[in-house]
Amino acid sequence: MEVKAEIQNNLSPRANEDYQWVLNAIEGDQRAYKELMNRYRNSIFHMMLKMVKSREDADDLTLEAFGKAFNKLPSYAPRYAFSTWLFKIAINNCIDHIRKKRLKLLSIDDPIEPGGDADFSD
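None of these values were measured; they are calculated from a predicted model.

## Structural notes on the nonpolar core
As a rule of thumb, nonpolar side chains are buried together in soluble globular proteins.
Then, in step 1: Counting 29 residues, the largest nonpolar core has Ile 44, Met 48, Phe 66, Leu 73, Phe 82, Trp 85 and Leu 86 as the members making the most contacts within it.
Then, in step 2: Within the residue set of this core, elements represented by two or more residues are α1 (13-26), α2 (30-52), α3 (55-71) and α4 (82-105).
Then, in step 3: Counting residues per element, this core draws most heavily on α2, which supplies eleven residues.
Then, in step 4: With residues near it in sequence (within four places) discarded, Phe 66 still touches Leu 36, Met 37, Tyr 40, Arg 41, Ile 44 and Leu 86.

Printed below as a string of structure tokens:
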């Protein structure tokens, strides 16, 4: 079930190898998904950990990034290395997570200005 990819001149040998794994994964080769995850899981995890400072959140975000990337695999085009594409998905996912977390920290009952109550009367 192995698909042969045309070598992309703009990619490194490793990126071309990744592209072959991507094509195989699109064809349903479970080993290809495993290989891509093995190659990048630690790097993605450590990047997520630096961004969120929580091992549990970093682990969750890592798995989410791979899930999103694998779901979008057919849309990957080898203009850039797979790793670049994957890291972009992971970073964007993490930024969304951080934004949502910050919104949860804000409460409608908190004063608008520190130490003061909001006065909405006319």
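Structure shown, so let's carry the discussion forward.
## Points about the pattern of salt bridges
Then, in step 1: Under the defined criterion, the tally for this structure stands at seven salt bridges.
Then, in step 2: Salt-bridge contacts for Arg 41 lead to Asp 59; the nearest nitrogen and oxygen are separated by 3.3 Å. Of this pair, Arg 41 sits in helix α2 while Asp 59 is found in helix α3, placing the two residues 18 residues apart along the sequence.
Then, in step 3: According to the relative accessible area criterion, Arg 41 is partly exposed, its value standing at 31%.
Then, in step 4: Residue Asp 59 is classed as partly exposed on the basis of its relative accessible area, which comes to 30%.
Then, in step 5: Across the salt bridge formed by Lys 101 and Asp 57, the nearest N and O atoms sit 3.0 Å from each other. Taken together, the residues Lys 101 in helix α4 and Asp 57 in helix α3 connect sequence positions 44 residues apart.
Then, in step 6: The buried category is assigned to Asp 57, whose relative accessible area is 15%.
Then, in step 7: Three or more residues joined by partner-sharing salt bridges are found here, namely Glu 17, Asp 18, Glu 35 and Arg 39.

## Observations concerning the packing of α1 against α2
Then, in step 1: Look at α1 against α2: their axes get within 7 Å of each other, and the N-to-C directions meet at 140 degrees. Our pair here, α1 against α2, has a crossing hand that is left-handed. Here α1 contributes Arg 14, Glu 17, Asp 18, Trp 21, Val 22, Asn 24 and Ala 25 to the contact with α2, which in turn contributes Arg 31, Ala 32, Tyr 33, Glu 35, Leu 36, Arg 39 and Tyr 40.
Then, in step 2: Looking at side-chain class alone, the contact of α1 with α2 contains seven nonpolar, one polar and six charged residues.

## A closer look at the packing of aromatic side chains
Then, in step 1: Considering all chains together, one arrives at seven aromatic pairs under this definition.
Then, in step 2: With centroids separated by 5.7 Å and ring planes inclined at 55 degrees, the aromatic side chains of Phe 66 and Phe 70 adopt a geometry described as tilted. Here Phe 70 and Phe 66 lie together in helix α3, a separation of four residues that amounts to about one turn.
Then, in step 3: We classify Phe 66 as buried; its relative accessible area is 2%.
Then, in step 4: Residue Phe 70 is classed as buried on the basis of its relative accessible area of 16%.
Then, in step 5: The rings of Tyr 19, Tyr 40, Tyr 76, Phe 82 and Trp 85 are connected pair by pair, giving a single aromatic cluster.

Scoring rules and cut-offs
- Residues numbered from 1 in each chain as written.
- Predicted model: local features only at pLDDT ≥ 70, side-chain atom pairs only at ≥ 80, totals over all residues.
- Heavy atoms only, no water.
- Core = buried A, V, L, I, M, F, W, Y, C linked by side-chain atoms within 4.5 Å.
- Buried < 20%, exposed > 50% of the residue type's maximum accessible area, 1.4 Å probe, protein only.
- Helix = DSSP H or I, 4+ residues; strand = E, 2+ residues; numbered from the N terminus.
- Contact = heavy atoms within 4.5 Å.
- Salt bridge = Lys/Arg side-chain N within 4 Å of Asp/Glu carboxyl O.
- Axes fitted to C-alpha atoms, helices over the stretch in contact; angles between N-to-C directions.
- Left-handed = near helix turned anticlockwise from the far one by under 90°.
- Nonpolar A, V, L, I, M, F, W, Y, C, P; charged D, E, K, R; others polar.
- Phe/Tyr/Trp six-rings, centres within 6.5 Å; stacked < 30°, edge-to-face > 60°.

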